[in-house]
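Observations on the model geometry
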Amino acid sequence: MRCTDIYIHPSLLGQGLMVRISFDGVTGMEYWANYSMTAIFFLLGLALPAAAFTVGRWLRPHHPSAAKIITYESGVDPFGDSRVQFHVRYYLFALLFVIFDVETVFLYPWAVAYDTLRQDVGLFVLVEMLIFVLFLFIGLIYAWKKKVLEWK
Amino acid sequence: MQAWMWLGPVIMLFVVLGFVTLAILFERKVIGWMQSRIGPNRVGPWGLFQTVADVLKLLLKEDIVPQKADETLFKLAPVIAFVPAFAVVAVLPFTDSLVFADIGVGLLYFIAISSITTIGILAGGWASNNKYALIGAMRSAAQMISYEIPLVMALVGVIMAAGTLNLSGIVEAQKEMWFIVPQFIGFVVFFIASLAELNRTPFDLPEAESELVAGYHVEYSGFRFAFFMLAEYVYVFAMSALTTVLFLGGWNPLFGFTFLPPLIWFLLKFSLIVFTLIWIRATLPRIRVDQLMQLGWKVLLPLALFNIFLSALLKEIPGIGSYY
């Protein structure tokens with residue numbers, strides 16, 4: 001591997017904040033630098049609440065009383081359990097979501113490779129996906145006719 | 001991981017926090033003007049420090065954990081909601097050189113990570129052990145998963161035209177023509193679905209204050225509440241930037257007006273989207289829950305699927321095919 005270019009620009013506007021290190025064009029180092037950047041964003045996302053809650057603990061009052069820590073229910077004493085059974089329609093929507101989300105998992109790589117595949121095998125690549133989507137669409141129409149999509 | 005790698009992301013964190021501070025003020029101002037009011041104007045000149053004052057107030061407020069709540073989950077939920085909101089900012093390309101994580105699957109990363117927030121909201125509503133909070137959280141989860149489908153399906157046309165999931169690559173593909181023109185159906189579906197994903201008016205049912213008090217965060221106070229709000233506004237930032245990148249050509253100038261730097265072009269388009277979100281909030285009433293579900297599944301999803309095959313067919317037409 002040969003290092004083709006390295007540039008570092010910590011200036012805020014215009015030029016990049018990130019450092020690009022390339023080996024033979026695209027590269028392992030850049031690959032790792034990019035993915036560690038996502039990790040840094042995750043860690044900073046955790047650090048901000050951690051810092052804010054710690055500073056907050058030093059500043060805010062803490063005087064819990066029986067009335068204060070009671071569950072809020074518009075000023076009335078809460079009755080019954082809050083964790084009630086839910087209507088089955090929520091689960092039906094969740095099932096539909098899973099089906100179509102899996103469909104997108106197949107659609108995305110297909111869309112990325114579409115132009116290449118079309119040059120290789122022609123419009124067959126479109127017909128193939130059309131058949132797959134139609135099968136799932138029939139499922140949607142079935143749910144539609146069964147009035148699963150109504151919210152009453 | 002070297003120390004210097006932290007510099008950019010830390011600056012970005014403050015940029016995002018600064019955006020949220022100003023966006024909340026701007027939203028209140030704009031809605032005020034649209035309703036013939038002045039909006040906040042007491043704290044600092046032009047009300048500039050209104051949000052700062054609000055945040056300081058929240059910081060000094062008592063952190064109340066209800067007795068019946070699941071304490072660990074209750075305290076963790078705002079963090080679960082916030083972390084992915086900031087993590088998605090990593091992949092957004094602001095100019096061709098100003099991008100933190102230029103990863104190949106940028107778009108997929110954005111979509112996958114952003115859906116984790118639903119878990120934070122659901123966890124918050126469940127852990128509160130409050131009826132309003134649980135109903136709000138369940139509604140929110142149902143809404144967010146229902147609209148995630150049209151949201152991701154609407155982007156398939158864009159991916160087919162760009163041939164990549166890398167966000168910088170998608171912007172490069174729009175040098176000739178912004179995708180809002182050839183992918184207009186995709187844009188409309190994406191924009192409506194993104195309003196619903198952001199839980200913004202007219203899709204703000206999860207926190208319908210007149211019926212659910214505040215929805216999933218009714219039991220939250222002080223800074224834990226602030227983090228739910230922060231997550232919401234960081235998503236406004238991320239989603240507006242994503243819309244700019246995917247449909248408005250990112251940093252590409254309009255009509256070849258290259259005398260403005262690319263970052264300014266990006267910010268102009270980005271601000272336009274943010275303003276439109278506020279404008280819609282001031283204009284449209286909240287829709288009913290049954291209309292919400294029907295719009296998502298019966299209108300937007302078939303439309304998004306239709307758009308995929310329409311784009312594929314239009315690719316075959318000589319002349320305009322190169323735009324698809």
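Notes on the structure in this doc start here. Just so it is clear, the structure is predicted and the values come from calculations on it, not from any experiment.

1. Some thoughts on the nonpolar core
- In terms of nonpolar packing, the biggest core is built from 143 residues, with Trp110 of chain A together with Leu107, Leu246 and Trp297 of chain B touching the most fellow members.
- Among the elements that make up this core, the one with the highest residue count is helix α11 (residues 222-247) of chain B (18 residues).
- Beyond its immediate stretch of four places on either side in the chain, Trp297 of chain B contacts Phe93, Leu96, Phe97, Phe100, Leu140 and Leu149 of chain A together with Ser146, Ile149 and Pro302 of chain B.

2. Side note on the side chain of Ser128 of chain B
- On the secondary structure map, Ser128 of chain B appears in helix α5 (residues 116-128).
- Residue class for Ser128 of chain B comes out buried when judged on its relative accessible area of 0%.

3. So, the interface of chain B and chain A
- Each partner contributes to the interface: chain B provides 92 residues, whereas chain A provides 76 residues.
- Summing both sides of the interface, chain B and chain A together bury roughly 7,900 Å²; the carbon and sulfur share of this comes to 74%.
- Viewed at the interface, chain A and chain B are joined by five salt bridges.
- Where Lys315 of chain B meets Asp115 of chain A, a salt bridge forms, and the shortest distance between an N and an O atom there is 2.9 Å.
- Between the two partners, chain B and chain A, sit nine residue pairs in polar contact (both at pLDDT 80 or more).

4. A word on unusual backbone geometry
- Unlike most non-glycine residues, Lys147 of chain A shows phi in positive territory, near 60 degrees.
- Along the chain, Lys147 of chain A turns up in the segment after α4 (124-145).
- Since its relative accessible area comes to 52%, Lys147 of chain A is described here as exposed.
- For Asn199 of chain B, which is not a glycine, the phi torsion comes out positive at approximately 55 degrees.
- Residue Asn199 of chain B is classed as buried on the basis of its relative accessible area of 5%.

5. Here's the deal with the packing of helix α6 (residues 131-154) of chain B against helix α9 (residues 184-197) of chain B
All names here are of chain B.
- Contact geometry of α6 with α9 gives a least axis separation of 8 Å together with a crossing angle of 155 degrees. On the basis of their axis angle, the class for α6 and α9 is roughly antiparallel. Here α6 runs over α9; the crossing is left-handed. Residues Gln143, Met144, Tyr147, Glu148, Pro150, Leu151 and Ala154 of α6 lie in contact with α9, whose contacting residues are Gly186, Val189, Phe190, Ala193, Ser194, Ala196 and Glu197.
- The residue makeup of the contact of α6 with α9, split by class, is nine nonpolar, three polar and two charged.

Definitions and limits used
Residues numbered from 1 in each chain as written. Chains lettered and ligands numbered in written order. Predicted model: local features only at pLDDT ≥ 70, side-chain atom pairs only at ≥ 80, totals over all residues. Heavy atoms only, no water. Core = buried A, V, L, I, M, F, W, Y, C linked by side-chain atoms within 4.5 Å. Buried < 20%, exposed > 50% of the residue type's maximum accessible area, 1.4 Å probe, protein only. Helix = DSSP H or I, 4+ residues; strand = E, 2+ residues; numbered from the N terminus. Contact = heavy atoms within 4.5 Å. Buried area = accessible area lost by both parts, 1.4 Å probe. Salt bridge = Lys/Arg side-chain N within 4 Å of Asp/Glu carboxyl O. Polar contact = N/O pair within 3.5 Å; in protein donor to acceptor, adjacent residues only side chain to side chain. Axes fitted to C-alpha atoms, helices over the stretch in contact; angles between N-to-C directions. Parallel < 35°, antiparallel > 145°, perpendicular 65-115°, else oblique. Left-handed = near helix turned anticlockwise from the far one by under 90°. Nonpolar A, V, L, I, M, F, W, Y, C, P; charged D, E, K, R; others polar.

No statement about biological role is implied by the geometric values presented.
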